[in-house]
Amino acid sequence: MAPKLPGMLTQNELARQIRSGEIETVLLAFTDHYGRLMGKRLDADFFLEEGAKQGTHACDYLLTVDMEMEPVAGYRFSNWEKGYGDFHLVPDFTTARTASWLNKTAMVLCDLQGVKSHRPVTQGPRSILRRQIEKAAGLGYTPMASSELEYYIFQNGYRDAAGKSYKDLTPAGWYLEDYHILQGTREEGFNAAARRHLKLSGIPVETSKGEWGLGQHELNVRYAEVLTMADRHVIFKQCLKEVADQMGISVTFMAKYAADQAGSSCHIHMSLWKKGQSAFAGKQRLGPVSCSETFRWFLGGWIAHVPDVMVFYAPTVNSYKRYQAGSWAPTRMAWSYDNRTAGFRVVGEGDSLRIECRIPGADCNPYLAFAAALASGLGGIEKKIEPPPIFEGDVYAAQHLPRVPHTLREATDLFEKSAFAKSAFGDEVAEHYLHFYRTEQEAYDKAVTDWERKRYFERI
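Attention here is on the structure that accompanies the text.

Basis of the calculations
Residues numbered from 1 in each chain as written. Predicted model: local features only at pLDDT ≥ 70, side-chain atom pairs only at ≥ 80, totals over all residues. Heavy atoms only, no water. Helix = DSSP H or I, 4+ residues; strand = E, 2+ residues; numbered from the N terminus. Rg over C-alpha atoms; globule rule 2.2 N^0.38 Å. Buried < 20%, exposed > 50% of the residue type's maximum accessible area, 1.4 Å probe, protein only. Contact = heavy atoms within 4.5 Å. Areas by Shrake-Rupley, 256 points an atom, 1.4 Å probe, with all protein chains shown as cover. Lys, Arg positive; Asp, Glu negative; His and termini not counted. Charge placed at Lys NZ, Arg CZ, Asp CG, Glu CD. Axes fitted to C-alpha atoms, helices over the stretch in contact; angles between N-to-C directions. Parallel < 35°, antiparallel > 145°, perpendicular 65-115°, else oblique. Left-handed = near helix turned anticlockwise from the far one by under 90°. Nonpolar A, V, L, I, M, F, W, Y, C, P; charged D, E, K, R; others polar. Arc of directions from axis to C-beta. Polar contact = N/O pair within 3.5 Å; in protein donor to acceptor, adjacent residues only side chain to side chain. Phe/Tyr/Trp six-rings, centres within 6.5 Å; stacked < 30°, edge-to-face > 60°. Pairing = 2+ DSSP bridges. 1 Å grid on protein atoms, 1.4 Å probe; cavity = no way out; pocket = protein on both sides within 12 Å on 5 of 7 lines; lining within 4 Å. Points joined across faces, edges and corners; volume = space filled by probe spheres on them. Core = buried A, V, L, I, M, F, W, Y, C linked by side-chain atoms within 4.5 Å. Patch = residues over 30% accessible without salt bridge, like charges linked within 9 Å, V, L, I, M, F, W, Y side chains within 5 Å. Salt bridge = Lys/Arg side-chain N within 4 Å of Asp/Glu carboxyl O.

What follows concerns the overall build of the chain. Counting its secondary structure elements, the chain contains 14 helices and 18 strands. Computed over the C-alpha atoms, the radius of gyration of the chain is 22 Å, within 12% of the 23 Å expected from 2.2 N^0.38 for a compact globule of 460 residues. Along the first, second and third principal axes, the C-alpha set of the chain runs to 65 × 60 × 55 Å. Scored against the burial criterion, the 460 residues of the chain give a buried share of 57%. Within the chain, residue pairs in contact and separated by at least 24 positions form 70% of the contacts whose partners lie at least 6 positions apart. Of the accessible surface of the chain, which amounts to about 20900 Å², a share of 52% is contributed by carbon and sulfur atoms. Separation of charge centres in the chain, based on 54 positive and 56 negative side chains, amounts to 3 Å.

Here it is, written out as structure tokens:
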């Protein structure tokens, strides 16, 4: 049995710390479509009396709002006609932890249930991932995953950045710092605090390093079972934003912050395990890889179904600005061994053999991205989908290879037409998220941008 991580709390330990006064506030939270944490802060004594037993309620419009928290018409799940009622936040006490960066605060992530039905809200991001984990378990597999998040650090605080309309911000670094120790030291005041708070909040940290952009950084946490990893991912982002806010600086997880800077990715590593051993390890040869049939078919399905579920990897209009040749972001669907130009980079051997998908950006909702990856791979196993031949060389130069969808509109059209997406996630979920992505595209289509004013104001 693995040792308990620092900061993780059993339900009894949480109760004891509340009674001793060590914990005064308990956060009950879940993510919306965008991956933002939503929920309530409960007085710790009230949590012991009520919240621990009954959870809490929240307005179900939270799965229908846009980025500005405006309720969007057209959802079957919740709308004005239905009166925007509540759903039930059910605490998952396996996620209970100290939120080290907050004063005397604990956090518990929740699953969503119907108030009357007591059944999972199928449109909830965590519910969608749980369904794919159940499918994997039915086949005897335990999915393991990690996500590598990149972000930009700015010396401006969030309020200051908003006041400047997010223009002319001062990045934490002033030259490309990939792996640089010197520039990394200048940013260590923030990154060291982030590593410390993550570690003290039940999220084991592996490394951090400077990335390719000005003030860009990457911080990696330990891999885990896929639901645990998705939980770590959302808490990671919340922690970094709130620590930055406390320090009067800011970080962004936009997929493409600036046209002349590298994008920020969320590389997903995934493998399947069975009875404590890697189900990917084996003696079959696939190019230079020694693997199992399970690995081969999982890889084949993951690649084949990228167009069907691209919206779960790249959920915003901005996501697609990242896919540029020579930018470290993939533009073509191919797999290679330890080749960073490929959308799928196979790494490791034996029990460490895993698939790294480099397509998702740092703006993805991890529950949806992991669910898409898992559904695709399991579909490959079910249908025995063979991967394409291994590609060797510069994938950016391989114009004959199929490209990743280049716009949110294109990806949404593919999602709408996909029989696979409807089969994997269910008609309710497919319809719900189709409307979400259509709404996101429509909001962009109506916007007048700085680019347009600069280009056309005088000279058109």
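The discussion continues.
Let us now look at the packing of helix α6 (residues 188-199) against helix α7 (residues 226-247). Contact geometry of α6 with α7 gives a least axis separation of 10 Å together with a crossing angle of 135 degrees. Classified by the angle between their axes, α6 and α7 sit oblique to one another. The handedness of the crossing between α6 and α7 is right-handed. Along its contact with α6, which presents Gly 189, Phe 190, Ala 193, Ala 194, His 197 and Leu 198, the element α7 presents Phe 236, Cys 239, Leu 240, Val 243, Ala 244 and Met 247. For the contact of α6 with α7, a count of residues per class yields ten nonpolar, two polar and no charged.

Our next topic: helix α2 (residues 44-54). Every buried residue belonging to α2 is among Ala 44, Phe 47, Leu 48, Gly 51 and Ala 52, and all of these are buried. Axial view of α2: buried residues confined to an arc of 135 degrees, hence all on one face. Projecting away from the buried face of α2 at angles above 90 degrees are the exposed residues Glu 49 and Lys 53. By the N-cap criterion, in which a side-chain oxygen at the helix start approaches the backbone nitrogen of a residue two or three places on, α2 is capped by Asp 43, the distance to Asp 45 being 3.1 Å. Positive backbone phi, approximately 65 degrees, marks Gly 55, located one or two places after α2.

Evaluation of the coordinates by the stated rule reveals 26 aromatic pairs. With 6.1 Å between their ring centres and 85 degrees between their planes, Trp 174 and Tyr 175 make a pair best called edge-to-face. Looking at Trp 174, the relative accessible area reads 53%, which means it is exposed. An angle of 80 degrees between the planes, with centres 5.2 Å apart, marks the rings of Phe 280 and Phe 295 as edge-to-face. One end of the pair, Phe 280, is in the loop between β13 (277-278) and β14 (284-286); the other, Phe 295, is in helix α8 (residues 293-304), with 15 residues separating them in the sequence.

Going residue by residue along strand β17 (residues 344-347), you find Phe 344 and Val 346 tucked away on one face and Arg 345 and Val 347 tucked away on the opposite face as well. Taken together, the three bridges between strand β16 (residues 335-337) and β17 define a ladder with parallel strand orientation. The residue bridging Trp 335 from the neighbouring strand is Phe 344, located in β17. Pairing analysis gives four bridges linking β17 to strand β18 (residues 354-357), with the strands arranged antiparallel. Bridge assignment links Arg 345 to a residue of β18, and that residue is Glu 356. Between β17 and β18, which pair antiparallel in sequence order, lie six residues; one of them, Gly 348, sits at a positive phi of approximately 80 degrees.

This part is about the side chain of Ser 201. Note on placement: Ser 201 falls in the loop between α6 and β8 (205-210). Within the local environment of Ser 201, its side chain forms a polar contact with the backbone oxygen of His 197, the two atoms lying 2.7 Å apart. Apart from residues no more than four positions distant in its own chain, Ser 201 is found in contact with Pro 6, Gly 7, Met 8, Arg 97, Thr 98, Ala 99, Ser 100 and Trp 101.

This part covers empty space enclosed by the protein. Inspection of every chain in the model, using the stated rule, returns one cavity of 30 Å³ or more. Of the pockets and cavities examined, the largest cavity occupies roughly 80 Å³. Ala 29, Phe 30, Thr 31, Leu 109, Cys 110, Asp 111, Leu 112, Gly 124, Pro 125, Arg 126, Ser 127 and Tyr 367 are the residues that line the largest cavity. Among the elements of the structure, β1 (25-31), β6 (105-114) and α3 (125-138) are those that each provide at least two residues to the lining of the largest cavity. It is β6 that provides the largest number of residues to the lining of the largest cavity, a total of four residues.

A negative phi angle characterises most non-glycine residues, just as the trans form characterises most peptide bonds. A positive phi angle, close to 70 degrees, is found at Tyr 179, a residue other than glycine. Structurally, the position occupied by Tyr 179 is in the loop between α4 (158-163) and α5 (181-186). One non-glycine residue with positive phi stands out, namely Trp 328, at about 80 degrees. Relative to the helices and strands, Trp 328 is located in the loop between α9 (306-313) and β16.

Ranked by internal contacts, the top residues of the largest apolar core, which has 102 residues, are Phe 295, Trp 302, Met 310, Tyr 313, Phe 344 and Phe 425. Here Phe 425 is in contact with Ile 128, Arg 131, Gln 132, Val 309, Phe 312, Ala 371, Ala 372 and Ala 375, once residues within four sequence places are set aside.

Attention shifts here to a negative patch on the surface. Together, Asp 43, Asp 45, Glu 49 and Glu 50 give the surface a local cluster of negative charge. When residues of the negative patch are assigned to their parent elements, the largest contribution, three residues, is made by α2. You can see Glu 50 is positioned in helix α2.

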